[in-house]
Amino acid sequence: MMEKKMPRKMTGAELKSMLKSSINFKSLGGLKCEELTLSPEEKQWWRDAKIGMFIHWGLYSILGRGEWARFNEKIPKEEYEALADEFIPRDFKMKEWMDIAKDFGARYAVMVTRHHDGFSLWNSEGSYEHFTSYHRGAKRDFVQEYADACRDAGLKVGVYYSPMDWRFPGYFDPEGLPENAALMKKQCYAQVEELCSRYQPDILWYDGGWLAHKGSDTSSAWFWEPVKLNKIARSYNPKLLINPRSGWEGDFYCDEGSHEITGKIIPVPWEKNMCVCSGSSWGWMADDPVSDFDWLIRMMVNVVCRGGNWLVNIGPDRNGRISEEIRQRMRQVGDWLRVYGESIYATAAGPYEPMDNVYGATWRDEKVYLHILDREEFRAEKLPITENHIESAVLFDGGAVEVVEEQDGIRLILPERAYAGDSGEVPDTIVVLTMAEPVKAGGDADIYFTGKE
């Protein structure tokens, strides 16, 4: 029997050198724990899924000024918490969100179950002062409704959880108020166990492991003891995927925000987290402008061609409603995926490194999907010569592409119709390359990240 090849370690310095352009991973350098490490095979479903829908919804959705409204505006505790009795969404069924997710082409969803304000969207006995949707106005367990609707729609279930809680003075001074901080930590452990034992999520998505609005998730690991916490979470689902925002290194990395993605293929599992709207808030804001369709398609292509997943957020209003403009934009993206999805889902990045703003590539088996974002610029470019021999090339929607092999590279000559009229205005022109044999690409299965500088 052949000895299994061990993956090569990739240091933080090596990864940092690859992120020169725009990608900024949060929570690098988290604690290590071999017992919690999942194999590449156990993460493969997530890497194949590619597209997810994020949902930020809570008391802040009543105010419509963003999920940080309580902290930023210094709203008094009693005034803010009184909103819990008004949080009674009218004529709302969770299926509405899942219909949007399906229309969008998502294969998984992640819902905020409790943000930094401490308000929990389920029947949480571990919640300090029972500050939950079940014990207050709505009298509903929205996490149960969400998990059920997700599974009914055939989507994997992700739950977002914030360990920190602005209601605790000990959060702001954990060393000076250790007993109060300990109450917050006790709540965190109880609630993570509730979420994992009752709802059996596929993804546990932490956010907010820092303390006193200082440092980072990893710098506060001494307080949260994330290895201990995540062993509890994994006891209910040994294959649960966990992000790195608890202070443990996690199963994948996160780049947050709507900044442009440039640079090389990233040979570790990662996810781009952003909003479908182009404002600064994740929670509902009435006048938040919706991003252009072309820009969203280019963003998705730039992420996937660098090996990432794309998690896109919507912010429902107080009644759980999503504007028709957002629905239409999500549906537009989904319509594109229903046509071109084979070039996105269940693919790997490569074998050609992306050229910023010009092209990138994905592949599966013997097929390579070349995503051309600037057709005019691409005329002058050549693909590098690799051990993957091109047998044929066609436009995704038909039409032969000429392949010219030269000593210093391979030129692909697109038919002129790809540059004219409507074809010349599409955000992504896809060329399908058929190779003589399955693609040979080095890569992500052979590397893992140690987090050390």
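Refer to the preceding data block for the structure.
In this text, all values refer to a predicted model and were calculated from it rather than measured experimentally.

A. Highlighting the sheet that holds strand β12 (residues 367-372). Taking strand neighbours across the sheet as the criterion, the five strands line up as β10-β11-β12-β16-β13 in an open arrangement whose pairing is antiparallel. Looking at the sheet topology across the chains shown, the edges are occupied by β10 (348-349) and β13 (390-395). As judged from the six bridges shared by strand β11 (residues 359-364) and β12, these two strands associate in the antiparallel manner. Within β12, the position partnered with Y359 by the bridge is I372.

B. Region of the structure containing the side chain of D428. In this structure, D428 sits in the loop between β15 (409-413) and β16 (429-435). The charged side chain of D428 is buried without a salt bridge, its nearest counter-charge being R375 at 6.5 Å. Reaching out from D428, the side chain makes a polar contact with the side chain of H371 at a distance of 2.7 Å. Apart from residues no more than four positions distant in its own chain, D428 is found in contact with I297, V301, W336, H371, I372, L373 and R375.

C. Fine view of the environment of E342. Relative to the helices and strands, E342 is located in the loop between α13 (324-340) and β10. Linking E342 and S258, residues 84 residues apart in sequence, is a C-alpha distance of 25 Å. Contact partners of E342, with chain neighbours within four places excluded, come to T347, R364, Y369 and F396. At 2.8 Å, the side chain of E342 forms a polar contact with the side chain of Y369.

D. Geometry of helix α11 (residues 226-234). For α11, every residue scored as buried is listed here: P226, V227, L229, N230, A233 and R234. With its buried residues spanning 160 degrees around the axis, α11 presents them on a single face. On its buried face, α11 is in contact with α9 (178-199), β5 (203-206), α10 (221-224) and β6 (241-242).

E. Representation of empty space enclosed by the protein in the model. Inspection of the entire model under this criterion finds one cavity of 30 Å³ or more. Within this model, the largest cavity holds a volume of roughly 30 Å³. For the largest cavity, the full set of lining residues is W57, G58, L59, Y60, V112, T113, R114, H115, D117, F119 and L121. Broken down by element, the residue count for the lining of the largest cavity peaks at three residues, all from strand β3 (residues 108-114). Each residue belonging to the lining of the largest cavity can be placed in one class, and the counts come to six nonpolar, three polar and two charged.

F. Quick peek at the packing of helix α6 (residues 95-104) against α13. Direction vectors running N to C along α6 and α13 enclose 40 degrees, while the axes themselves pass 6 Å from each other. As judged from the angle between their axes, α6 and α13 are oblique. For the pair α6 and α13, the contacting residues are E96, I100, K102, D103 and F104 in the first and R327, M330, R331, V333, G334, D335, L337 and R338 in the second. A per-class count over the contact of α6 with α13 returns five nonpolar, one polar and seven charged.

G. Region of the structure containing the sheet that holds β6. In space, the eight strands of this open sheet follow the order β6-β5-β4-β3-β2-β9-β8-β7, with parallel pairing throughout. Pairing within the sheet leaves two strands with one partner each, and these edge strands are β6 and β7 (253-256). Bridge count for strand β2 (residues 51-55) against β3 is four bridges, and the pairing is parallel. Of the residues in β3, the one forming a bridge with G52 is Y108.

H. Fine view of the nonpolar core. Within the largest apolar cluster, 115 residues are counted, with the highest numbers of intra-cluster contacts made by W97, Y146 and W310. Look past the residues within four positions of Y146 in its chain and what remains in contact with it is I55, M94, M98, A109, V110, M111, V157, G158 and V159. Listed in part, the 23 residues of the second largest apolar core include Y359, L395, V401 and I410.

I. Quick peek at unusual backbone geometry. The step from G350 to P351 runs through a cis peptide bond, and the omega angle for that step is 5 degrees. Relative to the helices and strands, P351 resides in the loop between β10 and β11. Phi angles above zero are rare outside glycine, and K50 is one such case at about 65 degrees. For K50, the location among the structural elements is in the loop between α2 (40-49) and β2. Assessed through its relative accessible area of 4%, K50 is described here as buried. A positive phi angle, near 45 degrees, is found at Q200, a position not held by glycine.

What counts and how
Residues numbered from 1 in each chain as written. Predicted model: local features only at pLDDT ≥ 70, side-chain atom pairs only at ≥ 80, totals over all residues. Heavy atoms only, no water. Pairing = 2+ DSSP bridges. Helix = DSSP H or I, 4+ residues; strand = E, 2+ residues; numbered from the N terminus. Buried < 20%, exposed > 50% of the residue type's maximum accessible area, 1.4 Å probe, protein only. Lys, Arg positive; Asp, Glu negative; His and termini not counted. Salt bridge = Lys/Arg side-chain N within 4 Å of Asp/Glu carboxyl O. Polar contact = N/O pair within 3.5 Å; in protein donor to acceptor, adjacent residues only side chain to side chain. Contact = heavy atoms within 4.5 Å. Arc of directions from axis to C-beta. 1 Å grid on protein atoms, 1.4 Å probe; cavity = no way out; pocket = protein on both sides within 12 Å on 5 of 7 lines; lining within 4 Å. Points joined across faces, edges and corners; volume = space filled by probe spheres on them. Nonpolar A, V, L, I, M, F, W, Y, C, P; charged D, E, K, R; others polar. Axes fitted to C-alpha atoms, helices over the stretch in contact; angles between N-to-C directions. Parallel < 35°, antiparallel > 145°, perpendicular 65-115°, else oblique. Core = buried A, V, L, I, M, F, W, Y, C linked by side-chain atoms within 4.5 Å.

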